[in-house]
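Overview (structure and organization)
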Amino acid sequence: MPIDIQYVSSAVEEQLPFGQSGSEFIEKVIQLPIDLPTLTQEKIDHVLFDKINILLIEHKITLSEDEIQRFQRLYFELNKYIKSPRDINKIINVLRFRMPISNTEINIVDLIILEIIRLFDKRFYEIIKTHRDLLINHIHIPSVKYRLDSHNKKRTIDADKLDINSDQKEILQQLFPAFDALYTNTNFSNKDTLRKLKRIADENYFDLFFASLDSEINVSNKQILEIVQLSDTPDKLNKALFSTINTNNFDFALRLIIDNISLIKDPLILSTNLLDLVDTFQTKYDSPGLQLSPFSTLLLRINDILRGSNTKLTDYITLLDHNYHKKRIETLPLLIREVDVYSEKKDSKYHINLTEDELAEYKKHALEIITSLSVNNEIPVASHDTSNFLYAYWVKYGDKTNSDKYIKRRVQTSTEVLDFISQFLGKATTLGTSISRRTDLNSSTYESIDSYVDVSYLYQILISDSTYNQLMNIKQNTVDYFEDMIDENALSIVGNEQSAEFRLIIAKQFIYLYEQNT
């Protein structure tokens, strides 16, 4: 009868009349008591390691030598929690459930360590769970709380306030390089390694350790493997992409695709379908703070996806044609710009390797598309999106003559002139907000407009309007600038360009610049 004598005696005593001893009752039942020696910590560790190893073999999980050593370093900070076979069984029962559903999705070493903490120190577990921003570096979507904390002063203060002992602090330092850097003046610079190892310290994987997989927030490696292997079957690929990837998990999903790039069967079909997917995102062109927009992020990743292609020129022309036929006017200049810029940046990891003849052929094709759009009056003259960049490539790949004729045909009133000018104004977003504001008309933007159309034509239309005629010979001290305004009425916010107040300010700025340059 193998029993824990204290536990059983206490349980028996609850059923006896008041005042009777449970241990005396047990003594009458047991004829020959034999006290087993307490298991040594070394023996407990050995038994646990053996059982974990059996699970790893059962689920065909292989750990590298580095990961095995990392597990041992972490475990020996925690083994004080594990004192009996019962403790071992609690761990193994949990891992028997977690390992099959977590294999290939998250780091197994971090999973084991976190489960030990959860089972035996729930307070410490909750500290880890609720201090995500403190423990990890946010690279792609910086933490609002620590975004401007470049020297980690605020992060260090918050770390020192954690209610943890020295052993727990050591565990956090080993699990989270960003936390370790606060105390050791070291910096784990290879963020890709954390992601590829699916470590809890990576911003994309942290949440997966604390909840079941939610495809609205995360996407699994298994799902991405299925997607890349469907890249030669457009219909199935399209269905899989649209059901799996969304605005919340898009950036992470793209990085997983690049991690599995060797498995992509048809890079061009995958790239085309990804463009179709991003076009459904309402925020596809939004760039909050220091973050790239989903579309800009995708273009950089497409360069990676097509890097091994032997038909790059055909691929990039096909992408351009695909968007042209889909009437995505605002995406065309961004596609053109990507090839135009990165074909020149030979030292960039995003370099597009086209020969001079191939690049010339691409530019010729892009000019043909822009010309076709102009014939059908499809190049906007008052857009709030990126389509106005088409004018830059129209002139760069052709000349000013055709764009000048087009603009004069489409822009013939003072209101149309000011709306045409306003679409070229810069946009600025304040860190920590999602509000975009228009910047002032500066000399650089003025010169760009002058390269698209004869600015004297625009000037003459403005001063022919009685509303703006009085602005002739305007002095600089009477010109209004958005940057000088407190802007309590939010006049410069994108979307207000067609208000009378906004147009008046742009008229003053344009007339002043024109008169200074003539």
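Residues numbered from 1 in each chain as written. Predicted model: local features only at pLDDT ≥ 70, side-chain atom pairs only at ≥ 80, totals over all residues. Heavy atoms only, no water.

1. A few points about the overall build of the protein
- When you go through the protein residue by residue, the secondary structure sums to 27 helices and two strands.
- Across its three principal axes, the protein shows a C-alpha extent of roughly 115 × 55 × 45 Å.
- Counting over 518 residues, the protein shows a buried share of 47%.
- Just so you have it, the protein exposes about 27300 Å², and 50% of that area is on carbon and sulfur atoms.
- Within the protein, one finds 59 positive and 75 negative side-chain charges whose respective centroids are separated by 1 Å. (Helix = DSSP H or I, 4+ residues; strand = E, 2+ residues; numbered from the N terminus. Buried < 20%, exposed > 50% of the residue type's maximum accessible area, 1.4 Å probe, protein only. Areas by Shrake-Rupley, 256 points an atom, 1.4 Å probe, with all protein chains shown as cover. Lys, Arg positive; Asp, Glu negative; His and termini not counted. Charge placed at Lys NZ, Arg CZ, Asp CG, Glu CD.)

2. Re the nonpolar core
- Ile82, Phe176, Tyr391, Phe420 and Phe510 are the most contacted members of the largest nonpolar core, which totals 150 residues.
- Of all the elements, helix H6 (residues 108–120) adds the most residues to this core, at ten residues.
- With near-sequence residues (within four places) excluded, Tyr391 lies in contact with Ile379, Pro380, Val381, Tyr406, Ile407, Phe420, Gln423, Phe424 and Tyr452. (Core = buried A, V, L, I, M, F, W, Y, C linked by side-chain atoms within 4.5 Å. Contact = heavy atoms within 4.5 Å.)

3. Some remarks on unusual backbone geometry
- The phi dihedral of Asn152 falls on the positive side, at around 60°, and the residue is not glycine.
- Note on placement: Asn152 falls in the loop between helix H8 (132–135) and helix H9 (153–160).
- Backbone geometry at Lys327 places phi at a positive 60°, although glycine is not the residue there.
- Considering the arrangement of structural elements, one finds Lys327 in the loop between helix H18 (312–325) and helix H19 (332–342).
- The class for Lys327 is partly exposed, based on a relative accessible area of 46%.

4. Digging into the environment of Ser436
- Looking at the element boundaries, Ser436 is found in strand E2 (residues 436–438).
- Here the alpha-carbon distance between Ser436 and Asp286, two residues 150 residues apart in the chain, equals 9.1 Å.

5. Things to note about the pattern of salt bridges
- With the rule as written, the count across this model stands at 25 salt bridges.
- The residue Glu115 makes a salt bridge to Arg98 at a minimum N-O spacing of 2.8 Å. One end of the pair, Glu115, is in helix H6; the other, Arg98, is in helix H5 (residues 85–102), with 17 residues separating them in the sequence.
- Taking relative accessible area as the criterion, Arg98 reaches 15% and is therefore assigned buried.
- Several salt bridges share partner residues, and in doing so they unite Asp276, Asp279, Lys284, Arg328 and Glu330 into one network. (Salt bridge = Lys/Arg side-chain N within 4 Å of Asp/Glu carboxyl O.)

6. A closer look at the packing of aromatic side chains
- Scanning the model with the defined rule gives 25 aromatic pairs in all.
- On the numbers, 5.3 Å between centres and 70° between planes, the contact of Tyr75 with Phe76 is edge-to-face.
- Classification of Tyr75 as buried rests on a relative accessible area of 0%.
- By relative accessible area, which is 43% here, Phe76 ends up partly exposed.
- Above the plane of the ring of Tyr81 lies Lys80, whose end atom (NZ or CZ) is 5.7 Å from the centre.
- Arg155 extends its terminal NZ or CZ atom over the ring of Tyr146, reaching a point 4.8 Å from the ring centre. (Phe/Tyr/Trp six-rings, centres within 6.5 Å; stacked < 30°, edge-to-face > 60°. Lys NZ or Arg CZ within 6 Å of the ring centre and 35° of its normal.)

7. Things to note about helix H23 (residues 414–422)
- Counted residue by residue, H23 has seven buried out of nine residues, so it is predominantly covered.
- Buried within H23 we find Ser414, Val417, Leu418, Asp419, Phe420, Ile421 and Ser422.

8. A look at helix H10 (residues 166–175)
- Taken together, the buried positions of H10 are Gln168, Ile171, Leu172, Gln173, Gln174 and Leu175.
- Lining the buried residues of H10 we find helix H4 (65–75), H6, helix H7 (122–129), H8 and helix H11 (177–184).
- The N-terminus of H10 is capped by Asn165, whose side-chain oxygen sits 3.1 Å from the backbone nitrogen of Asp167. (Polar contact = N/O pair within 3.5 Å; in protein donor to acceptor, adjacent residues only side chain to side chain.)

9. Notes on the environment of Asp279
- Looking at the element boundaries, Asp279 is found in the loop between helix H16 (267–278) and helix H17 (294–305).
- Residue Asp279 is classed as partly exposed on the basis of its relative accessible area of 26%.
- In the structure, Asp279 is positioned 147 residues away from Arg132 in sequence and 31 Å away in space, judged by C-alpha atoms.
- Apart from the residues within four sequence positions on either side, Asp279 is in contact with Lys284 and Arg328.
- At 2.6 Å, the side chain of Asp279 and the side chain of Lys284 are in polar contact.
- A polar contact of 3.5 Å, which involves the side chain of Asp279, links it to the side chain of Arg328.

10. Details of a nonpolar patch on the surface
- A cluster of nonpolar side chains, Met1, Ile3, Ile5, Phe25 and Val29, forms an exposed patch at the surface whose accessible area comes to about 490 Å².
- Take Ile5: it is sitting in helix H1 (residues 5–13).
- For Ile5, a relative accessible area of 43% gives the class partly exposed. (Patch = residues over 30% accessible without salt bridge, like charges linked within 9 Å, V, L, I, M, F, W, Y side chains within 5 Å.)

11. Overview of empty space enclosed by the protein
- Scanning all chains against the criterion turns up two cavities of 30 Å³ or more.
- Taken as a whole, the largest cavity encloses approximately 60 Å³ of empty space.
- The wall of the largest cavity is formed by Leu299, Ile302, Asn303, Tyr316, Leu319, Leu320, Leu335, Glu338, Val339 and Tyr362.
- Elements represented by at least two residues in the lining of the largest cavity include exactly H17, H18 and H19.
- Here the lining of the largest cavity is composed, by residue class, of eight nonpolar, one polar and one charged.
- There is about 30 Å³ of room inside the second largest cavity. (1 Å grid on protein atoms, 1.4 Å probe; cavity = no way out; pocket = protein on both sides within 12 Å on 5 of 7 lines; lining within 4 Å. Points joined across faces, edges and corners; volume = space filled by probe spheres on them. Nonpolar A, V, L, I, M, F, W, Y, C, P; charged D, E, K, R; others polar.)

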